[in-house]
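Observations on the model geometry
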Amino acid sequence: MTTRTQNLRQAFIKKQWRICPERARIITESYRETEGEPIALRRAKAFKKILEEMTIFIEEGQLIAGNLASQPKTQPVFPEFTTRVIDDMDTFEKASPKVLVDEETKQLLRELQPYWKGKTVDEYIEACTTQDLPYAQDIRKAEELNVFARYGVRSGFGIFAANYAKVLNRGLAQTISEAKQALSNLDLSQASEAEKAHFFEAMIIACNAVMNFAKRYAAKARKLAEKESDLQRRAELERIAETCERVPANPARTFHEALQSLFFLFLTVQIESNGRSIALGRFDQYMYPFYIKDIREKRIAREEALELLECLFLKIASVWKLRDSAANSLRVTMYSNVTIGGQTREGKDATNDMSYLVLEAQKNIQMIQPTLSLRYFDGTPQELLLKATECVSTGIGMPAFFSDTRIVPATHRSNGYSIKEARDYCLAGCVVPVVAGRTQPWLYSGILNALKCLELALNSGVDPRTDVKIGATTPDFRTFKSIEDILKAFRAQVDYFINMLNNSLEIVRRGHSSLVPLPFASALFDNIMKTSKTISEKGSCEHDAPPLGWMVFIGDANVADSLAAIKKFVYDERVLSLTELKDACATNFEGKEDLRLMLLNKAPKFGNDDDYVDSIMAEVLRLEVESWPKPNHDLQSASFHIPMGKVCLASPDGRKAGEALADGGVSPMLGRDKQGPTAVIKSATKLDPENDIQMYLLNMKFDPALFRSKQGMEDFVALIRTYLDLKGFHIQFNVVSPETLKAAQREPEKYADLIVRVSGFSAYFVELRKDMQDNIIARTTFTNIA
Amino acid sequence: MFSHNDTHGLIFNIQKFSIHDGPGIRTTVFLKGCGLKCVWCHNPEGQAPYPEVGFLSLRCIDCRKCLATCKIGAISVDESTKEKVIDRDLCTGCGMCVDACPSTALERVGRSMSVEEVLKEVQKDEAFYARSKGGVTVSGGEPLDQLEFTYELLSGCKAKGIHTALETGGNVSWKHLTKVARVTDLILYDIKHMDTKKHRLFTGVGNELILENAERLSSAGRPIIIRVPVIPMHNDSEENIKHTAEFAAGLKTVEQVELLPYHSLAESKYKKLSRRYRLSGTEPPSMECMEQLKRIVNSSFHVTVQL
């Protein structure tokens, strides 16, 4: 790291997050001015006004320009999506991570709030949920009882990667010409075409606004340069000015221009919408040509390129948007995903020097954003994996590793992409493979408490904790003769909630497409000019429209472990009746600790390479996948395992009432994987031979001692390779000793920059809630003391 | 062909993702029973050649199912502490109390397994061996004390293309050692002390046979890694390490010397087996000490220090 990037990093870490009211103020003014106009145009005009009027700055020493809100490390407000943030302002200072709101900001936002009454996406969805839907009341009940949740409903479209490469290479002016062409091709004598015309007009306004936004930075840099006495800095500011005059309107000619162009696109997409999980695509692939040209023409040295890259990553780290308070404490990330490695469209190794530079930059800056994902296939060089391991060994939990062997054929098969297109996938969100500029963005995920579904299956749809009927009516448990009968009832419960999700997805989509269409983000998608529809109207879809969300199952390992215990003790050995077992769970094993320990210790547990229970886990996952409409989008991850565990009674796997569930995806339940990491990997990779589950997540924690020797590093790489060769989907690591984590709990101030992997994302450990911290400490640490 | 896969061995642990017992990712199979009586032994479960029952009092919930199960009354309760006491003279290691114990406070130390069963278990990680150039290591105890089993197990692994390693103390007949060496790709050979008097004092036997076997193995062209446990106040003198290194230098097939610093993690294992730990209170050697010893060996070898 250079002194410059060290200083930028320090300055960033030292500052506290704050709320910035500026975007909210400007958009309110704009909406007032455009009432009655078509919504696409209103959105474009508001976007333009924000980009014209918002405060801009260039940080001391930074080489990349662009800011999300009026001050460094401030977060804007998106009142057109929801005003809950305004309601919850007072709680942010006590939240983790802490976000400060000064009195002036609070007052200003409260003054703006009345204007938005009845106009937000949030209220639209709420209104539909209370009135329209057949399942409306059920959703409410299920959400209140933490059985089902809709995550990110109010955020807007996310989980996508735009086609940045196109703009880097051709310029945004080219996109405007295409939109103008498309506009002129419309037959405006047809009334039905009017809406399309509005959309293209909006797109042109928005693209122009972004180009002018860049010009504002050019002017700013020129002004700063004039006043700058330090000659070196003056030259830098002049270079920034030249760069911002050129991009993103025109094709980038240098690596610096390409980075700057990319950041303007990424930043303005973030300013347009409240959505998160906006990925940066295959960064090493589209950046490499710019970089290598500069190197060959001796315009830049490798170290300078690395510094520029660090500057960009630090800018990406500063792009952060508020969630309302409840979600804020759970998922503290933006998922600004950068993908490296994998194969070229022709199936060759795609690794290049940019892949290495990205790993170096990430290792150096030690930030939780961007999120880094590494694609692996058989031809991935050992050297890249060793470099990636070095990065992992610093403890930042990145990169996460993904298997091309699994994902390329699956993307080809279920999304209708050719093999070549599928080989071009990148990661969005935590673990979602998408093709940049092509794949339909997603709206939100349903989160389903799988262990609660098992409870409901054993109680004919009644929640045994509250006696409220919240699930499907399934047969009385006394009629069950085998775990197959229980699984059938479990499947019925899952079906019930998946229906619930599907019914509400369309409502939510309508809310977003009618109230907050996204002309600018849409302009960065490939098929928009042909379909003449925004991404909120599935304008990027070429094939059958995929679902707009997906279901995340929480606690599958607990379901499998519970069913294994039932199978063993109730049906195989008959030492216990299902009634006795249910009663013991209902009373939280009160006075029956020996029974609880027997269930916990004497029945096989998922994660130990034991077919008895692994086959049950496979069956549970199969039922869940089958329950979901095609194409099979399915994912099991998230950090809901703590709140969802709170509402579950004690379970037949020996878990006590209220304790957290397994921490995501195909990760075993905490502390039950006793055979080491190879056994966990074996268990995880035997679940889905047909490759039907599109996404899942595996967490592992290693002791830093493993990485002290070259052999340790190589063994670690072999472990990753084997997992991905066996078609594991995704794997991520925490490398930190439990002692360090406990010390950080005691003295948080000393560990402000300690990063851990939570669940598909990394976070600052001290910013996590206490229960999440404890949960991470409790994950099995693989160590090896001979 | 006649199969020996129903030969049984007494195993006290099968450890996966074992990365310090030979190259790559390995599975180490620990066999029970050892002729040496090293005062620092860090695997006391490996000493006795018969099955035992271990007791971890911290896990005990005092349900007393074990008392009801033990037909010979080998388990009693110290009523003042509620501590379970196993009468080691009575206990046959049958393990029925272990099956009855819900809390895992009682555990089997040693179970009889056939070669076939063990092969099945170690084959589970074959994919990892292939990627990491790892394999299977048979350790103990002294694995050569269960000669037939060790031979059959290693032969079975070789037949399946799995790299084999054997960790031995070397205090066995040459005939036995050479038989097993034929099916072993790498031998991890422990040398505890170069002075036979001290060797006898600390392990119960002299070192003559051990050193002789090492020389013969080397002459027979068998690849060897020399392993030296570094035990403070016992064998950690610079002089002893120097002699060990010189001895190793005379063996032409030694690939590497490993210094294994003492650690105190074994203490709880002694308690579990109701045995006295004679090195209680011993501190692990300092980093500086290990670095110094490493330098001594380093002049002639690639040395690793396992931490």
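This one's a predicted model, so the numbers in the text were calculated from it and none came from an experiment. (Residues numbered from 1 in each chain as written. Chains lettered and ligands numbered in written order. Predicted model: local features only at pLDDT ≥ 70, side-chain atom pairs only at ≥ 80, totals over all residues. Heavy atoms only, no water.)

1. So, the overall build of chain B
A count of helices and strands for chain B gives eleven helices and 13 strands. Rg of the C-alpha trace for chain B: 20 Å, near the compact-globule value of 19 Å for 307 residues, within the 12% margin. In terms of overall dimensions, chain B has C-alpha extents of about 60 × 55 × 35 Å along its principal axes. Considering only residue pairs separated by 6 or more positions, chain B has 71% of its internal contacts joining residues 24 or more positions apart. As presented, chain B carries roughly 13600 Å² of accessible surface, and 53% of it is formed by carbon and sulfur atoms. Here chain B holds 39 positive side-chain charges and 38 negative ones, and the gap between their average locations is 3 Å. (Helix = DSSP H or I, 4+ residues; strand = E, 2+ residues; numbered from the N terminus. Rg over C-alpha atoms; globule rule 2.2 N^0.38 Å. Contact = heavy atoms within 4.5 Å. Areas by Shrake-Rupley, 256 points an atom, 1.4 Å probe, with all protein chains shown as cover. Lys, Arg positive; Asp, Glu negative; His and termini not counted. Charge placed at Lys NZ, Arg CZ, Asp CG, Glu CD.)

2. Quick word on the environment of Val 136 of chain B
Residues and elements named next belong to chain B. Along the chain, the position of Val 136 falls in strand β8 (residues 135-139). Take Val 136: its relative accessible area is 0%, and that puts it in the buried class. Sequence-wise, Val 136 and Leu 106 are 30 residues apart; in three dimensions their C-alpha atoms are separated by 28 Å. (Buried < 20%, exposed > 50% of the residue type's maximum accessible area, 1.4 Å probe, protein only.)

3. Quick look at unusual backbone geometry
Residues and elements named next belong to chain A. With an omega of 5°, the peptide bond running from Val 247 to Pro 248 counts as cis. Structurally, Pro 248 can be placed in the loop between α11 (231-246) and α12 (255-272). Pro 370 follows Gln 369 through a cis peptide bond whose omega is -5°. Tracing the backbone shows Pro 370 in the loop between α16 (353-365) and β9 (371-376).

4. As for the confidence of the model for chain B
When the pLDDT values of chain B are averaged, the result is 93; 96% of them are 70 or greater. Here the prediction assigns the complex a pTM of 0.92, and the interface score ipTM is 0.93. (pLDDT = per-residue confidence, 0-100.)

5. Thoughts on the pairing of strand β2 (residues 26-31) of chain B
Residue and element names in this part refer to chain B. With six of its six residues buried, β2 lies for the most part within the structure. Taking every second residue as pointing to the same face, both faces of β2 are buried, with Arg 26, Thr 28 and Phe 30 on one and Thr 27, Val 29 and Leu 31 on the other. Note: strand β1 (residues 8-18) against β2, five bridges, orientation antiparallel. When the bridges of β2 are listed, Gln 15 appears paired with Thr 28. (Pairing = 2+ DSSP bridges.)

6. Overview of the packing of helix α17 (residues 382-396) of chain A against helix α30 (residues 710-725) of chain A
Helix packing geometry: the angle between the two helix axes and the distance between the axes. Residues and elements named next belong to chain A. It is the contact of α17 with α30, at a shortest axis distance of 10 Å, that shows an interaxial angle of 110°. One way to sum up the angle between α17 and α30 is to call them roughly perpendicular. Together, Gln 382, Leu 385, Leu 386, Thr 389, Glu 390 and Val 392 of α17 and Met 713, Glu 714, Phe 716, Val 717 and Arg 721 of α30 make up the contact between the two elements. Looking at the contact of α17 with α30 residue by residue, the classes come out as six nonpolar, two polar and three charged. (Axes fitted to C-alpha atoms, helices over the stretch in contact; angles between N-to-C directions. Parallel < 35°, antiparallel > 145°, perpendicular 65-115°, else oblique. Nonpolar A, V, L, I, M, F, W, Y, C, P; charged D, E, K, R; others polar.)

7. What to know about helix α1 (residues 3-14) of chain A
Residues and elements named next belong to chain A. With twelve residues, α1 ought to run about 16 Å at 1.5 Å a step, and its terminal C-alpha atoms sit 16 Å apart, in line with that. Looking at α1, one finds that the buried residues are Arg 4, Thr 5, Leu 8, Arg 9 and Phe 12. Along the long axis of α1, the arc covered by the buried residues comes to 130°, so they all point the same way. Those residues of α1 that are exposed and aimed more than 90 degrees away from the buried face are Thr 3 and Lys 14. (Expected span 1.5 Å × (residues − 1). Arc of directions from axis to C-beta.)

8. Some words on the sheet that holds strand β3 (residues 99-100) of chain A
Pairing is parallel across the open sheet formed by three strands, whose spatial order is β2-β1-β3 (chain A). The open sheet is flanked by β2 (74-75) and β3 of chain A, the only strands paired with a single partner.

9. Observations regarding the nonpolar core
Residues and elements named next belong to chain A. One finds Phe 255, Phe 283 and Phe 497 to be the most contacted residues of the largest nonpolar core, which totals 261 residues. Per-element accounting of this core gives the leading share, 16 residues, to helix α10 (residues 194-227). Those residues in contact with Phe 497, other than ones at most four positions away along the chain, are Ala 142, Val 147, Phe 148, Leu 448, Cys 453, Leu 456, Ile 470, Gly 471 and Met 551. (Core = buried A, V, L, I, M, F, W, Y, C linked by side-chain atoms within 4.5 Å.)

10. Some thoughts on the pattern of salt bridges
All names here are of chain A. One pass over the full model with this rule turns up 72 salt bridges over all chains. Note that Lys 315 and Glu 59 form a salt bridge whose closest N and O atoms lie 2.6 Å from each other. A residue pair is termed long-range when its members are at least 10 positions apart, and Lys 315 in helix α14 (residues 302-317) and Glu 59 in the loop between α3 (39-53) and β2 qualify at 256 residues. Among the residues examined, Glu 59 registers a relative accessible area of 22% and is labelled partly exposed. One salt bridge in this structure joins Glu 245 and Arg 222, with 3.1 Å as the shortest N-O distance. In this pair, Glu 245 sits in helix α11 while Arg 222 sits in helix α10, placing the two residues 23 residues apart along the sequence. Note on Arg 222: relative accessible area 30%, which makes it partly exposed. (Salt bridge = Lys/Arg side-chain N within 4 Å of Asp/Glu carboxyl O.)

11. Some details on the interface of chain A and chain B
Counting from both sides, the interface comprises 28 residues of chain A and, opposite them, 30 residues of chain B. Summing both partners gives a buried area of about 2400 Å² for chain A against chain B, and 58% of it is carried by carbon and sulfur. Counting the contacts that link chain A with chain B gives three salt bridges. We note a salt bridge from Arg 131 of chain B to Asp 725 of chain A, for which the minimum N-O separation is 2.6 Å. In this assembly, chain A and chain B are joined by eleven residue pairs in polar contact (both at pLDDT 80 or more). Counting residues per element, the side of chain A that touches chain B draws most heavily on α30 of chain A, at seven residues. (Buried area = accessible area lost by both parts, 1.4 Å probe. Polar contact = N/O pair within 3.5 Å; in protein donor to acceptor, adjacent residues only side chain to side chain.)

12. Points about the environment of Arg 302 of chain A
Residues and elements named next belong to chain A. In this structure, Arg 302 sits in helix α14. Classification of Arg 302 as partly exposed rests on a relative accessible area of 27%. Between the C-alpha atom of Arg 302 and that of Trp 628, which follows or precedes it by 326 residues, the distance is 48 Å. When neighbours within four sequence positions are excluded, Arg 302 is seen to be in contact with Tyr 291, Ile 295, Asp 353, Tyr 356, Leu 357 and Glu 360.

13. Describing the packing of aromatic side chains
One pair of aromatic rings is described through two measures. These are the centre distance and the angle between the planes. Tallied over the full model, the rule gives 28 aromatic pairs over all chains. With centroids separated by 6.1 Å and ring planes inclined at 70°, the aromatic side chains of Phe 213 of chain A and Phe 264 of chain A adopt a geometry described as edge-to-face. With Phe 213 of chain A in helix α10 and Phe 264 of chain A in helix α12, this pair connects stretches of sequence that are 51 residues apart. According to the relative accessible area criterion, Phe 213 of chain A is buried, its value standing at 0%. We classify Phe 264 of chain A as buried; its relative accessible area is 0%. Arranged with centres 4.7 Å apart and planes meeting at 45°, the rings of Tyr 270 of chain B and Tyr 277 of chain B form a pair that is tilted. (Phe/Tyr/Trp six-rings, centres within 6.5 Å; stacked < 30°, edge-to-face > 60°.)

14. Quick look at the environment of Glu 126 of chain A
All names here are of chain A. Locating Glu 126 in the fold gives a position in helix α6 (residues 121-130). Here Glu 126 falls in the partly exposed class, since its relative accessible area comes to 28%. Each C-alpha atom, one on Glu 126 and one on Arg 140, is 9.9 Å from the other, the two residues being 14 residues apart in sequence. For Glu 126, the residues in contact, after removing those within four places along its chain, are Arg 84 and Arg 140. At 3.0 Å, the side chain of Glu 126 and the side chain of Arg 140 are in polar contact.

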